[in-house]
Amino acid sequence: LQDCGFLTQLIQQHRGKLPAGAIEICSAELVRYIPLKRCTMRHQLKVNGTVKGTVYSKMLTRKKSAKAIFKTMRSLWRSPICRSGKIVVPKPLCFDERMNVLFVRGLRGVRLYDQRAKIDLDALSAEIGTALAGIHQCKIESLATRKNGLQDLLRIRSAKHELNVFGWLFESLQKGIEGL
């Protein structure tokens, strides 16, 4: 993710989802690295030689799917609450399944941390609650495509019940054996 030439080639393979023009990744800055889990990088994106903004890349291990995260982010980004501007989610640009990396557009504005002295915590908490309620109303593409979601939940519930029953039975047998 630090090789700008390689990233430029990688991101150009997903041209249909990116701005028109000659695209180039011209910088790579490490944001966060968690060994054996994920790596997040910040990049400057040039289109036709002009810097057009910031792009973030996130490479994941094979245990997490960049494709699934990309689809979830895309569902959120397309949701009515995001489209209305009430909450802001970085625009998902593309993902590469082979590298298990996703790219999102950077957000503009100031960091909340930098504004902490000016924050009305009560008002902010109410806004966050409203935003979360809006997110809960979003139809998440990757969740909606599960064919047996309800059946899976029922099997989990049944297994939990059986575990409780057999756990109690096991404890009773163990006490009985100890009493011998």
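Because the structure is predicted, anything quoted here is derived from the model rather than measured. (Residues numbered from 1 in each chain as written. Predicted model: local features only at pLDDT ≥ 70, side-chain atom pairs only at ≥ 80, totals over all residues. Heavy atoms only, no water.)

Here helix α4 (residues 121–136) spans 22 Å end to end across 16 residues, near enough to the 22 Å set by a 1.5 Å rise per residue. For α4, the N-terminal capping position is held by D120, with its side-chain oxygen 3.2 Å away from the main-chain nitrogen of D122. (Helix = DSSP H or I, 4+ residues; strand = E, 2+ residues; numbered from the N terminus. Expected span 1.5 Å × (residues − 1). Polar contact = N/O pair within 3.5 Å; in protein donor to acceptor, adjacent residues only side chain to side chain.)

Applying the stated criterion across every chain yields a total of one aromatic pair. Plain terms: the ring middles of F70 and F95 are 5.1 Å apart, the flat faces sit at 50° to each other, and that makes the pair tilted. A residue pair is termed long-range when its members are at least 10 positions apart, and F70 in helix α2 (residues 66–78) and F95 in strand β5 (residues 92–96) qualify at 25 residues. For the pair formed by F70 and F95, the shared burial category is buried. Its end group placed over the ring of W77, R83 keeps NZ or CZ at 4.1 Å from the ring centre. (Phe/Tyr/Trp six-rings, centres within 6.5 Å; stacked < 30°, edge-to-face > 60°. Buried < 20%, exposed > 50% of the residue type's maximum accessible area, 1.4 Å probe, protein only. Lys NZ or Arg CZ within 6 Å of the ring centre and 35° of its normal.)

Backbone geometry places L36, a non-glycine residue, at a positive phi of 65°. Within the fold, L36 resides in the loop between β2 (29–34) and β3 (38–47). By relative accessible area, L36 is classed as exposed at 78%. Its identity as a non-glycine residue notwithstanding, N100 has a phi of 55°, on the positive side. Structurally, the position occupied by N100 is in the loop between β5 and β6 (101–105).

Moving on to the pairing of β5. The buried fraction of β5 amounts to five of the five residues, a majority that puts the element mostly inside the structure. In terms of strand pairing, β5 meets β6 through four bridges, oriented antiparallel. Pairing of F95 across the sheet is with L102, part of β6. Adjacent in sequence and paired antiparallel, β5 and β6 are bridged by four residues, among which N100 carries a positive phi angle near 55°. (Pairing = 2+ DSSP bridges.)

For the rest of this paragraph, the subject is α2. For α2, which comprises 13 residues, the first-to-last C-alpha distance of 18 Å matches the rise-based estimate of 18 Å (1.5 Å per residue) to within 8%. For α2, the set of buried residues is A66, F70, M73, R74, S75 and L76. If you check the start of α2, you find a side-chain oxygen 3.2 Å away from the backbone N of K67, and it comes from S65.

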